[in-house]
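What follows is each chain in one-letter form.
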Amino acid sequence: MKLYGEILIFILLFITNARILFVKHAKKDSLVMLAPVSFLLSILQIFSMGVNVFSVFALIVSILVLLSNFHALFRYSERLFIDHYSPLMVVWAVFTMILSGAGLAASIYFFPFQTKSEKLNVSEIKLEYEGSIHGGFEEAGHFSKINATLYDFTLVPQLTQRDDVILFIPDKRGDTENYRPYLQLLAKQGYTVYSYDIFASDLKWFYTPEDSKLLRRSAMVFHSLWNNQKFLAQKEFYTYNTMQEIQAIMTLLDERCGKKCRYFLISDVIANTTVSDMQKLSPQKISGFFCLDSIPAYKTPGYGCVEHTDPLLALILGQKRDFEKTVTIEMVEKTAEAINTAWGIGINLAQEEQITEETQQ
């Protein structure tokens, strides 16, 4: 949906500017109304989908287009006719048309590609909660503010018992969205996999507006790219925060899966120390842990499967799009080995494919 929203906005901006090419006789400049519509849609896009490079670029271009068409909007509101545009207006319209076209082309070229869970025979359930870390979370109502989201990935039909589940702790530079291809394939192996995103008011990462749901992931990515050494130097702070997150989520999972449920923890960079400490503190509850960034093939630690979900960021990190999912499949295989070692059970990809074929037959 995010991609379609960006494409729609850039198309509307392009049409708004391209109208200068089709003035052959006096008429009402009705297409100018696309300027405020594009501006409104770009704001809604950010509030609904969050901040990224393309949404910010679309907002900037929409502001430029809106300001440059202020007089045209006034003329239209007064029901005046127009038979030509000024040279300055033509030059500026061509400039913003080029920007709109570039934004449209870049959005399409860097499109995120993911497989729907249903096509993998994986059930993906999204559970939303309101509340806080210290006060606890409860199921959110229709008009409640969402402070935590829990994702449940499970193979259909389910091959394992819920007494042993996997809890994935996403790095804040990725959030669950950018690990989805990995989580889907891991669930396809037969495991019950949970992941989460928490935006509680009593758990701060920046102590600035960057803690908001709209900005946090982009802010995390920016700060790590700008000064990764400084970013990683705050490891103790990250450990403290993720410890509180995991404890809060495990409380929810105990309600969902039962008190006897045991967890295998998977982390990526900022939670590595946390999962190790938790396994030592609660060996009866934590069956094991695995650090995703320990896999040599995984070249974007902390950011997720951006070769699928964020090709522009992947390019910045020096990686190409992986249409065949070769890296993600290897990540799942290495993870499955660690899980099977901890549990003493499990199935590999080849076994899962054989089970699927037998089920179909």
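Residues numbered from 1 in each chain as written. Predicted model: local features only at pLDDT ≥ 70, side-chain atom pairs only at ≥ 80, totals over all residues. Heavy atoms only, no water.

**Description of the packing of aromatic side chains**
The geometry of an aromatic ring pair is captured by the separation of the ring centres together with the interplanar angle, meaning the angle of the planes. The cut-off we apply is this: Only rings of Phe, Tyr and Trp enter the pairing, Trp through its six-membered ring, and a pair is recorded when the two centres are within 6.5 Å. The plane angle decides the type: under 30 degrees is stacked, over 60 is edge-to-face, the rest tilted. Only DSSP runs of H or I with at least four residues qualify as helices, and only runs of E with at least two residues qualify as strands; both kinds are numbered from the N terminus onward. Summary of the burial criterion: residues with accessible area below 20% of their type's maximum are buried, those above 50% are exposed, and those between are partly exposed, where the area comes from a 1.4 Å probe applied to protein chains only.
Counted according to the given criterion, the structure contains 15 aromatic pairs. Between Y191 and W343, the ring centres sit 5.9 Å apart and the planes meet at 70°, which makes this aromatic pair edge-to-face. You can see Y191 sitting in the loop between helix 6 (180–188) and strand 7 (193–198) and its partner W343 sitting in helix 13 (residues 326–343), a full 152 residues away along the chain. Exposure remark for Y191: the relative accessible area of 2% places this residue in the buried category. Judged by centre distance (6.5 Å) and plane angle (85°), the rings of F264 and W343 are edge-to-face. Note that F264 is positioned in strand 8 (residues 262–267) and W343 in helix 13, a separation of 79 residues in sequence. The class for F264 is buried, based on a relative accessible area of 1%. In this structure an aromatic cluster arises from ring pairing among W205, F231, F237 and Y238.

**Considerations on the packing of helix 2 (residues 34–49) against helix 3 (residues 53–68)**
Helix packing geometry: the angle between the two helix axes and the distance between the axes. Just so we agree on the cut-off: Only the stretch in contact is used when a helix axis is fitted, and all axes are lines through C-alpha atoms; the angle between N-to-C directions ranges over 0 to 180 degrees. An angle counts as roughly parallel when it lies under 35 degrees, as roughly antiparallel when it exceeds 145, as roughly perpendicular when it falls between 65 and 115, and as oblique in every other case. The hand of a helix crossing depends on one turn: near helix anticlockwise from the far one by less than a right angle means left-handed, and clockwise means right-handed. By the convention used here, residues are in contact when the closest approach between their heavy atoms is within 4.5 Å. When residues are sorted by character, Ala, Val, Leu, Ile, Met, Phe, Trp, Tyr, Cys and Pro go into the nonpolar class, Asp, Glu, Lys and Arg into the charged class, and all the rest, Gly among them, into the polar class.
Two elements in contact, helix 2 and helix 3, have axes separated by 9 Å at closest approach and are oriented at 155°. As far as their axial angle goes, helix 3 and helix 2 are roughly antiparallel. In this structure, helix 2 meets helix 3 at a crossing whose hand is left-handed. Residues A35, P36, S38, F39, S42, I43, Q45 and I46 of helix 2 touch helix 3, and the partners they reach there are S55, A58, L59, S62, I63, V65 and L66. The residue inventory of the contact of helix 2 with helix 3, partitioned by class, reads ten nonpolar, five polar and no charged.

**Comments concerning the confidence of the model for the protein**
For clarity, the cut-off: A score between 0 and 100, pLDDT records how confident the predictor is in each residue.
Of all residues in the protein, 88% have pLDDT values of 70 or greater, and the mean over the chain is 87. Across the protein, the secondary-structure element scoring lowest on mean pLDDT is helix 14 (residues 349–360), at 42, and the one scoring highest is strand 7, at 96. Below a pLDDT of 50 lies the segment residues 346–361, which in the model reaches 17 contacts outside its immediate sequence neighbourhood of four places, other chains included.

**Considering a nonpolar patch on the surface**
Rules: Two joining distances apply to patches: 9 Å for like charges and 5 Å for nonpolar side chains (Val, Leu, Ile, Met, Phe, Trp, Tyr), and every residue must have over 30% relative accessible area and no salt bridge. The protein chains shown are the only cover counted for residues, whose accessible areas, like all others here, come from Shrake-Rupley with a 1.4 Å probe. We define a salt bridge as a side-chain nitrogen of Lys or Arg found within 4 Å of a carboxyl oxygen belonging to Asp or Glu.
Residues I11, I15 and L31 make up a contiguous nonpolar surface patch of roughly 210 Å² in combined accessible area. A relative accessible area of 34% places I11 in the partly exposed class.

**Structural notes on the nonpolar core**
So the rule is basically this: Residues belong to a common nonpolar core when they are buried Ala, Val, Leu, Ile, Met, Phe, Trp, Tyr or Cys residues joined through side-chain atoms within 4.5 Å.
Counting 37 residues, the largest nonpolar core has F137 and L167 as the members making the most contacts within it. For this core, the elements supplying multiple residues, two or more each, are strand 3 (122–132), strand 5 (148–155), strand 6 (164–169), strand 7, helix 7 (216–226), helix 9 (235–257), strand 8 and helix 10 (272–281). Looking at this core element by element, the count peaks at nine residues for helix 9. The contacts of F137, once residues within four sequence positions are left out, are Y129, E130, G131, S132, N147, A148, I198, A200, A248 and L252. Counting 29 residues, the second largest nonpolar core, distinct from the first, contains V122, L185, V332 and W343.

**Notes on the pairing of strand 6**
Just so we agree on the cut-off: Any two strands with at least two DSSP bridges between them are considered paired.
With respect to burial, strand 6 is a largely interior element, five of its six residues being buried. Here six bridges tie strand 6 to strand 8, and the two strands are oriented parallel to one another. Looking across to strand 8, one finds that V165 is bridged to Y263. Pairing between strand 6 and strand 7: three bridges, direction parallel.

**Digging into the layout of surface pockets**
Quick reminder of the rule: In this analysis the probe radius is 1.4 Å and the grid spacing 1 Å, with only protein atoms considered; a cavity is a set of points the probe fits into but cannot get out of, a pocket is an open set with protein on both sides within 12 Å along at least five of seven lines, and lining residues have an atom within 4 Å of a point. Grid points are joined across faces, edges and corners, and a volume is the space filled by probe spheres set on the points.
By volume, the second largest pocket is sized at about 210 Å³. As for the second largest pocket, its lining consists of 13 residues, of which K145, F199, D211, S212 and K213 are closest to the centre. Partitioning the lining of the second largest pocket into residue classes produces six nonpolar, two polar and five charged.

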